Amino acid sequence: MSDNLVLEPGASVASTARTDAPPAILMDRVNKWFGALHVLRDVTLSVALGERVVVCGPSGSGKSTLIRCINRLETHQEGRILVDGTELSDDVRALDTIRREVGMVFQSFNLFPHLTILENCTLAPIWVRRMPKAQAEELAMEYLTRVRIPEQAKKYPGQLSGGQQQRVAIARALCMKPKIMLFDEPTSALDPEMIKEVLDTMVSLAETGMTMICVTHEMGFARQVADRVVFMDRGEIVEQGAPADMFENPKTDRLRLFLSQIL
Ligand code: ADP
Ligand code: MG
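Let me begin by describing the structure that accompanies this report. If you're wondering where the values come from, they're calculated on a predicted model, not measured in any experiment.

A few words on the sheet that holds strand S6 (residues 102-105). A sheet is described by the order of its strands in space; here six strands give the open sequence S6-S7-S8-S3-S9-S10, paired in mixed fashion. Each of the sheet's edge strands pairs with one partner strand only, and the pair in question is S6 and strand S10 (236-241). Across the sheet, the mean angle separating the axes of adjacent strands is 20° when strand polarity is ignored. Of the strand pairs in this sheet, strand S3 (residues 52-56) and strand S8 (residues 211-215) are connected by four bridges, and their pairing is parallel. For Arg-52, the partnering residue across the bridge sits in S8 and is Met-212.

Let us look at the packing of helix H5 (residues 162-174) against helix H6 (residues 192-207). In contact at an axis separation of 8 Å, H5 and H6 are set at 20° when each is read in the N-to-C sense. Put simply, H5 runs roughly parallel to H6. Helix-helix and strand crossings are classified by hand; for H5 and H6 the assignment is right-handed. Here Gly-162, Gly-163, Gln-164, Gln-166, Arg-167, Ile-170 and Leu-174 of H5 lie close against H6, whose contacting residues are Met-194, Glu-197, Val-198, Thr-201, Met-202 and Leu-205. Of the residues contributing to the contact of H5 with H6, the split by class is six nonpolar, five polar and two charged.

On to the packing of aromatic side chains. Summed over the entire model, instances satisfying the criterion amount to one aromatic pair. A cation over an aromatic ring shows up here: Lys-32 above the ring of Phe-34, its NZ or CZ 4.5 Å from the ring centre.

Approximately 610 Å³ is the volume found for the largest pocket. Lining the largest pocket are 20 residues; nearest its centre among them are Arg-99, Met-104, Ala-124, Arg-172 and Met-176. Within the residue set of the lining of the largest pocket, elements represented by two or more residues are helix H2 (92-101), S6, helix H3 (117-127) and H5.

Here we come to the environment of Leu-259. Position of Leu-259 among the secondary structure elements: in helix H9 (residues 253-262). For Leu-259, a relative accessible area of 5% puts it in the buried group. As for Leu-259 and His-38, which are separated by 221 residues in sequence, their C-alpha atoms are 24 Å apart. In this view, Leu-259 contacts Met-246, Phe-247 and Pro-250; residues no more than four positions away in its chain are not counted.

Taken together, Phe-34, Leu-37, Val-39, Pro-58, Ser-59, Gly-60, Ser-61, Gly-62, Lys-63, Ser-64 and Thr-65 make up the full set of residues near ligand 1. In this structure, Ser-61 approaches ligand 1 through a main-chain N or O atom, which is 3.1 Å from an oxygen atom. In this structure, Gly-62 approaches ligand 1 through a main-chain N or O atom, which is 3.0 Å from an oxygen atom. When isolated, ligand 1 has an accessible area of 560 Å², and the protein chains bury 58% of it. Sorting the residues of the shell around ligand 1 by element identifies strand S2 (37-47) and helix H1 (63-70) as the ones contributing at least two each. Element by element, the count of residues in the shell around ligand 1 is highest for H1, at three residues. Class assignment for the residues of the shell around ligand 1 results in four nonpolar, six polar and one charged.

About the criteria used
Residues numbered from 1 in each chain as written. Chains lettered and ligands numbered in written order. Predicted model: local features only at pLDDT ≥ 70, side-chain atom pairs only at ≥ 80, totals over all residues. Heavy atoms only, no water. Pairing = 2+ DSSP bridges. Helix = DSSP H or I, 4+ residues; strand = E, 2+ residues; numbered from the N terminus. Axes fitted to C-alpha atoms, helices over the stretch in contact; angles between N-to-C directions. Parallel < 35°, antiparallel > 145°, perpendicular 65-115°, else oblique. Left-handed = near helix turned anticlockwise from the far one by under 90°. Contact = heavy atoms within 4.5 Å. Nonpolar A, V, L, I, M, F, W, Y, C, P; charged D, E, K, R; others polar. Phe/Tyr/Trp six-rings, centres within 6.5 Å; stacked < 30°, edge-to-face > 60°. Lys NZ or Arg CZ within 6 Å of the ring centre and 35° of its normal. 1 Å grid on protein atoms, 1.4 Å probe; cavity = no way out; pocket = protein on both sides within 12 Å on 5 of 7 lines; lining within 4 Å. Points joined across faces, edges and corners; volume = space filled by probe spheres on them. Buried < 20%, exposed > 50% of the residue type's maximum accessible area, 1.4 Å probe, protein only. Near = heavy atom within 4 Å. Polar contact = N/O pair within 3.5 Å; in protein donor to acceptor, adjacent residues only side chain to side chain. Areas by Shrake-Rupley, 256 points an atom, 1.4 Å probe, with all protein chains shown as cover.

Structure representation (structure tokens):
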């Protein structure tokens, strides 16, 4: 693991994707509907261990639904999803395994407002992983240090800036020692001056070799860390490829239009 928390601007993170190992995530012709609305259309996606995938696309294209299906915050109706070799199903034990292995960070932080930063980070390790309190606190302080806010441990979420709260949310997810981290637009609720501190934290996490799927429109971040960019529109994966290829040589009008709107 690297202790280097901030990269030089523009430096890219070397790929850690392991194509020789079974995929961390495998989605095979996944379909999902909300009532009559077909929100995921034959989505097939394989993410290698250690790979970093950025998912982008217009609002309403199914990006959140896609990643929420991976940790079963939503259920799909057709196709298969395997996480670290375990198929998602209604089997409670399978679900337990997956929830432990997959960490998630949301746009809106979702910290518990009545718990301190430290308590937010130790809650799941103590109650889900059955970790002794002292050990959970030590681990939490280690991750709060990695996201550079150990001094905030005794405060409550409301006393922190948005950028700090989002870094706590990342530390909290890491305290469960996940194998895979999912991010759903983690910087889109932040003021511009706080976006960089959260992206820097995500870049340093990428450097550790974490498997990551990030829904984001931060294309600088995508260029710096993504092994692959996946472009979704209307529930479909329309195009995917290396960031530079996708941004400089979009093959479809849909991606060209999308890029012209965000860049
Ligand atoms: P994105 O994250 O790309 O903006 P979403 O995955 O949130 O897209 O949404 C995809 C589509 O599914 C949208 O049309 C949205 O309105 C719809 N949708 C999302 N969640 C629900 C839900 N819980 N019930 C009904 N429709 C939903
Ligand atoms: Mg979304």
